[in-house]
Amino acid sequence: MDVPSKTHKGWQDVVTGNKAFQLKFLAAKILLGRLTRAVKDNPSPDNIKTSIDQLYNIFAQNAHIPSVQDDLKTIFG
Amino acid sequence: MRQEILSIEDAKRKIIDGRKLLLAGDEDALRQLPKGDWIAGTIPYFISHERGGLVSRDLIFATDVTDIVTGMVIAQYDQNSLARVYAEGPKHGFSFIVIPATSQTHLSFALNGPNYKSFGVRPLVGWIAGVHLDDLGKRTPKVFNGITGDVVEDGALVLQAELSPKKLAEIGIINLFEQGDGDILTFSEDGFSAKYVMVNGEKTEFAPYLKKKKLDTKLPLVADYYGVMVNISFQGVDEADGTVKFYAPVFSGIRYKHAKPVADYVKSFGECLGKECGADTDQVVFSCNCILNYLYSELENKKTEPFVGPVTFGEIAYQLLNQTLVYLEVKDL
């Protein structure tokens, strides 16, 4: 599937920790370990936006990898 | 065989034959090699298919990527320019990095790597070079650029490997440590040492806390990074000033717990492979394991099949890890 735009609510749900998912792609998991904690400590719109940018970037640049495709389906259905 | 132990003469032969190699060996052994398409870090400890764990100053561990990569460049970074390592990784391939232990570049990467631009967008895998434990304080870890012949004590060498469009690189880890059931430990600042720790939110002197709780410092602190267990290994306690030192930095805002004990590393390793650690071993190109696992789990003469490789002073799977096996797979797309 294509990578949903950054405005999709799913990105915000992930970085804020509102929804937790079991993901496969190691880089995204390591990044999220830091981002979710940072957003919890500082849930400002700017911090959420910066976090979404980083997460989106990692998915967009690795969208050809099967584990990333699996994770996209897990998050966005 | 992609990963194998070689004599110095056999390693020379492979280099002269034009093979593209990721090498590990004692400094004196690596210095005997001719120029060619190779990158290396110093370490005389290995896990081999034939003998399991071993220490040798006369053997070289070689990972041959000739038939996997379509092109390679070796880039050298310092502690400042290393911030570009993710952004400059090959668009279709992987970056293989080796950094000398305790160098400024090592310390900087450990602390700042997760905040580098474009963290994780391209695969970055590798290890921290070390020395024979008898040489600690006498010799320094080094990395070698086989193309130029440069030997680097402070800096990072990165082999940027291009893959065929039909292949992809994925990095995996096997960490046998899990968070225990004890206190939640947090730190007020990032760093390789800490005098104080927040124990369930209460500021406490760390060294006396470890002593009072009788915590085994051979077991790491473990953080849960969205399901990935990331270890911080204890280096020691400075009794004079009460500072606790680590082999990798703790980060503020991350919740750590002391690890559950692993009774038998080799047995647990085998059980892990049979369960969730799902690497397709035919596709594993490179792997390495931590010197602390080698020492604490007494891996000399023991095998961790199918994984072999250098025994390292730190492992890199996107960021610095401790007490963890790291591997790189190259798969058909």
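Residues numbered from 1 in each chain as written. Chains lettered and ligands numbered in written order. Predicted model: local features only at pLDDT ≥ 70, side-chain atom pairs only at ≥ 80, totals over all residues.

## Overview of the pairing of strand β6 (residues 59-64) of chain B
On a regular strand, one side chain projects to one face of the sheet and the next to the other, so that they alternate.
Residue and element names in this part refer to chain B.
Logical step 1: For β6, a buried count of 5 out of 6 residues is recorded, marking the element as mostly surrounded by other parts of the structure.
Logical step 2: Relative to β6, strand β1 (residues 3-7) runs antiparallel, the two sharing 5 bridges. In the sheet register, Gln3 faces β6, and the bridge partner there is Thr63.
Logical step 3: Here strand β2 (residues 21-25) runs beside β6; their pairing, made up of 5 bridges, is antiparallel. Note on β6: the bridge partner recorded for Leu21 is Asp64. (Buried ≥ 20, exposed ≤ 12 C-beta atoms within 10 Å, placed from the backbone. Helix = DSSP H or I, 4+ residues; strand = E, 2+ residues; numbered from the N terminus. Pairing = 2+ DSSP bridges.)

## Some thoughts on the nonpolar core
Logical step 1: By size, the foremost hydrophobic cluster in this structure holds 124 residues, and its most contacted members are A:Leu55, B:Leu23, B:Val125 and B:Val326.
Logical step 2: If you tally residues by element for this core, the top one is helix α2 (residues 26-41) of chain A, at 8 residues.
Logical step 3: Each of domain 1 (3-173 + 268-332) and domain 2 (185-258) of chain B gives at least three residues to this core.
Logical step 4: Apart from the residues within four sequence positions on either side, B:Val326 is in contact with B:Val125, B:Ile171, B:Ile173, B:Ser287, B:Cys288, B:Glu315, B:Ile316, B:Ala317 and B:Leu321. (Core = buried A, V, L, I, M, F, W, Y, C linked by C-beta atoms within 7 Å. Domains from an automatic or database assignment. Contact = placed C-beta atoms within 7 Å.)

## Section: the sheet that holds strand β20 (residues 234-238) of chain B
Hydrogen bonds along the backbone pair up the strands of a sheet, which may run parallel or antiparallel.
All names here are of chain B.
Logical step 1: Pairing is antiparallel across the open sheet formed by 3 strands, whose spatial order is β15-β21-β20. The sheet is open, and its two borders are formed by β15 (191-194) and β20, each paired with just one other strand. Between one strand and the next, the sheet's axes are offset by a mean angle of 20 degrees, whatever the strand orientation.
Logical step 2: Here 4 bridges tie β20 to strand β21 (residues 243-250), and the two strands are oriented antiparallel to one another. In the sheet register, Gly236 faces β21, and the bridge partner there is Lys245.
Logical step 3: Together, β15, β20 and β21 form the strand contacts of helix α4 (residues 206-213), whose direction differs from that of β21 by roughly 95 degrees. (Axes fitted to C-alpha atoms, helices over the stretch in contact; angles between N-to-C directions.)

## Here's the deal with the packing of helix α1 (residues 9-16) of chain A against helix α3 (residues 45-60) of chain A
If you want to describe how two helices pack, look at the angle between their axes and the distance between the axes.
Residues and elements named next belong to chain A.
Logical step 1: Viewed as axis vectors pointing N to C, α1 and α3 meet at an angle of 105 degrees, and their least axial separation amounts to 9 Å. In terms of axis orientation, α1 runs roughly perpendicular to α3. On α3, the residues that touch Trp11, Gln12, Val14, Val15 and Thr16 of α1 are Ile48, Ser51, Ile52, Leu55 and Tyr56.
Logical step 2: Looking at the contact of α1 with α3, its residues break down into 7 nonpolar, 3 polar and no charged. (Parallel < 35°, antiparallel > 145°, perpendicular 65-115°, else oblique. Nonpolar A, V, L, I, M, F, W, Y, C, P; charged D, E, K, R; others polar.)

## Here's the deal with unusual backbone geometry
Residue and element names in this part refer to chain B.
Logical step 1: In this model, Glu305 is joined to Pro306 through a cis peptide bond whose omega is 5 degrees.
Logical step 2: Turning to its location among the elements, Pro306 is positioned in the loop between α6 (291-296) and β24 (309-312).
Logical step 3: Despite not being glycine, Thr102 has its phi angle at roughly 65 degrees, a positive value.
Logical step 4: Position of Thr102 among the secondary structure elements: in the loop between β8 (93-100) and α3 (104-112).
Logical step 5: Look at Thr102 and you get partly exposed, because 18 C-beta atoms sit within 10 Å.
Logical step 6: Here Asn200, not a glycine, exhibits a phi torsion of approximately 50 degrees, which is positive.

## Considering α2(A)
All names here are of chain A.
Logical step 1: Between the first and last C-alpha of α2 there are 23 Å, a value that for 16 residues agrees with the 22 Å anticipated at 1.5 Å per step.
Logical step 2: Considering bend angle alone, the principal kink of α2 is centred on Leu32 and spans about 25 degrees.
Logical step 3: The buried fraction of α2 is high, at 13 of 16 residues. (Expected span 1.5 Å × (residues − 1). Bend = angle between axes of the 7 residues up to and from the residue.)

## Remarks on the sheet that holds strand β4 (residues 45-48) of chain B
Residues and elements named next belong to chain B.
Logical step 1: Spatially, β5-β4-β24-β23-β27-β13 is the arrangement adopted by the 6 strands of the open sheet, whose pairing is mixed. Every other strand in the sheet has two partners, leaving β5 (52-55) and β13 (167-174) as the edge strands with one partner each. Each neighbouring strand pair of the sheet contributes to a mean axis angle of 25 degrees, computed without reference to strand direction.
Logical step 2: One ladder, built from 8 bridges, connects β13 with strand β27 (residues 325-332); its direction is antiparallel. Bridge pairing links Ile174 to Leu325 in β27.

## Some thoughts on the confidence of the model for chain A
Logical step 1: Overall, the prediction assigns chain A a mean pLDDT of 95, with 100% of residues at 70 or greater.
Logical step 2: Across chain A, α3(A) holds the top mean pLDDT of 97, while α2(A) sits lowest at 95. (pLDDT = per-residue confidence, 0-100.)

## Re the interface of chain B and chain A
Logical step 1: Counting residues at the interface gives 20 residues for chain B, matched by 20 residues for chain A.
Logical step 2: Top contributing element to the side of chain B that touches chain A by residue count: β13(B), with 5 residues.
Logical step 3: By residue class, the composition of the side of chain B that touches chain A is 13 nonpolar, 6 polar and 1 charged.

## Examining the domain arrangement of chain B
Residue and element names in this part refer to chain B.
Logical step 1: According to the domain assignment, chain B contains domain 1 (3-173 + 268-332) and domain 2 (185-258).
Logical step 2: Using C-alpha coordinates to define each centre, domain 1 is positioned 27 Å away from domain 2.
Logical step 3: Across the contact, 10 residues belong to domain 1 and 10 residues belong to domain 2.
Logical step 4: Elements with a contribution of two residues or more to the side of domain 1 that touches domain 2: α3, α6 and β26 (319-321).
Logical step 5: The residue inventory of the side of domain 1 that touches domain 2, partitioned by class, reads 6 nonpolar, 4 polar and no charged.

## Regarding the packing of α1(A) against α2(A)
Residues and elements named next belong to chain A.
Logical step 1: Relative orientation of the contacting elements α1 and α2 amounts to 85 degrees, with a least axis distance of 7 Å. Compared by their axis directions, α1 and α2 come out roughly perpendicular. Contacts between α1 and α2 pair Val14, Val15 and Thr16 from the former with Leu32, Leu35, Thr36 and Val39 from the latter.

## Quick word on the pairing of β27(B)
All names here are of chain B.
Logical step 1: Within β27, 6 of the 8 residues are buried, leaving the element largely enclosed by the surrounding structure.
Logical step 2: In the sheet, strand β23 (residues 284-290) pairs with β27 via 4 bridges, with the strands oriented antiparallel. Note on β27: the bridge partner recorded for Phe286 is Leu328.

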